[in-house]
Amino acid sequence: MPPKDRFVIHSRAVVCSDVDLKGEVTIGSNTVVHPKVTIYAVAGPITIGSGCIIEEGVVIVNRRKDVMRIGEENHFEINSRVECAVMGNCNVIGTRARLHLNASLSSYCVVQPAVEFSPTTPEMLPDYTVLYGEGASERRLWSGQGAEQERALRQKHAEYLRELLPKFNRQRKGDVD
Amino acid sequence: MSFAPVTTYPKSAYIETDTGNKVSRRATISGPQNIVLGGKSIISPSAVLRGDLRKAGSAPTVVITLGRYCLVGEGVVVRPPYKTYKGAFNFYPMKIGDGVHIGEGSVVEAAQIGSWVVIGRNCVIGKFAIIKDCARIADGTVLPPNTVVPALSLFAGSPGRFIEDLPETTQEVVEARTKAYYNRFQPAEQ
């Protein structure tokens, strides 16, 4: 039986009304969800931390029984698809990238645009991993240089969008505050 | 003139403006007051044009400029690029020239696209990319941010790289093709 719909949206999060939510979804403070985003908690609930940016066409699905935890200040770019079990903080999921449900990210990972990462066995990517190439064939560790600047950019981006989006888009609120 | 058959669509599925733009009712146009369509352009269903992502300030700004005879394919996302400049975060306007065809499922965050450019299906055009006139981007290309594609060149692959020069007749060929496409795109007789 599919779980009951229950959306908890923090009062400081900006979620556009043109967003498709299903199941038990929790969205943290300062998170920005653009229009045309799909978040389906098919089996277990989805918890999204604070300060994330979720751009248009992103699909986040939880097919597993346990909670899908997404950390803070992650950036999901346009049309990416994420089914991974756990995600840490400050990750970037590139445009049209796909993460399979066996994949897990720790923190400061970068998945480059149009990369499909689908390991056959559950795999946790260590901090500062960069995935690129056809079918995530190449990976390397990033030095972490400029991570603070990247974070500052992310925060400014989210802050700007929180001001801008409500001017042009209708917002939706959660069931309970 | 082309001898290809006419492609028809149900009349109610598209809105036609005075200047001949055909915009699907199923397309998502955010912030339409910030988008300029040059005329005789087609916006396909489930395309997303983000005119709401504008520069800071209250003055009216044009965010997306589209020329004449353009085609924005199904599921295409066109959104202006962003960066921080002198510590301030901002979106920057995007200009697209005449006769630009963007294939299905592509994501475009370019700063500038010239005229008579053909972008294939499922491409990713990175932020602040500049595509000059008569260039061609093959299907499935991933252009990294800040790439400059010179005029009359074919780019392909991931990351997108220069493949070959295009013939000098490209402009006439693409011009004829885009105009013919628009003329063939007619509402079905009811």
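Residues numbered from 1 in each chain as written. Chains lettered and ligands numbered in written order. Predicted model: local features only at pLDDT ≥ 70, side-chain atom pairs only at ≥ 80, totals over all residues.

K.L.:
Help me out: how do you make sense of the overall build of chain B in this one?
P.N.:
In terms of regular secondary structure, chain B is built from 1 helix and 25 strands. Rg of the C-alpha trace for chain B: 16 Å, near the compact-globule value of 16 Å for 190 residues, within the 12% margin. In terms of its C-alpha atoms, chain B occupies a principal-axis envelope of roughly 55 × 40 × 20 Å. When burial is assessed residue by residue, chain B has 44% of its 190 residues classed as buried. (Helix = DSSP H or I, 4+ residues; strand = E, 2+ residues; numbered from the N terminus. Rg over C-alpha atoms; globule rule 2.2 N^0.38 Å. Buried ≥ 20, exposed ≤ 12 C-beta atoms within 10 Å, placed from the backbone.)

K.L.:
Is there a simple way to think about the nonpolar core in this case?
P.N.:
Across soluble globular proteins, nonpolar side chains have a tendency to be buried as a group. If you look at the biggest cluster of nonpolar residues, it comprises 101 residues, and the most contacted ones within it are Val33 and Val111 of chain A together with Val117 and Ile125 of chain B. Per-element tally for this core: the top contributor is helix H1 (residues 147–168) of chain A, with 3 residues. Discounting chain neighbours no more than four positions away, the residues touching Val111 of chain A are Val92, Ile93, Gly94, Ala97, Leu99, Phe117 and Leu131 of chain A. (Core = buried A, V, L, I, M, F, W, Y, C linked by C-beta atoms within 7 Å. Contact = placed C-beta atoms within 7 Å.)

K.L.:
Just to check I follow, could you spell out H1 of chain A for this structure?
P.N.:
At 3.6 residues per turn, the α-helix brings residues three or four places apart onto the same side. All names here are of chain A. If you check H1, its first and last C-alpha atoms are 31 Å apart, about what 22 residues at 1.5 Å a residue would give, namely 32 Å. Residue Arg162 marks the point of greatest curvature in H1, where the axis turns by about 25 degrees; the proline Pro166 follows within four residues. Taken as a whole, H1 has its buried residues at Arg154, Ala158, Leu161 and Leu165. Packed against the buried residues of H1 are strand E2 (14–15), strand E5 (32–33), strand E8 (53–54) and strand E11 (75–76). (Expected span 1.5 Å × (residues − 1). Bend = angle between axes of the 7 residues up to and from the residue.)

K.L.:
Can you walk me through the sheet that holds strand E21 (residues 138–141) of chain A in this structure?
P.N.:
The strands making up a sheet associate through hydrogen bonds between their backbones, and the pairing can be parallel or antiparallel. Residue and element names in this part refer to chain A. Taken together, 8 strands build an open sheet; the order of strands is E2-E5-E8-E11-E14-E17-E20-E21 and the sheet is mixed. Looking at the sheet topology across the chains shown, the edges are occupied by E2 and E21. With 2 bridges connecting them, strand E17 (residues 110–111) and strand E20 (residues 129–132) associate as parallel partners. Its bridge partner being in E20, Val110 is matched across the sheet by Val130. (Pairing = 2+ DSSP bridges.)

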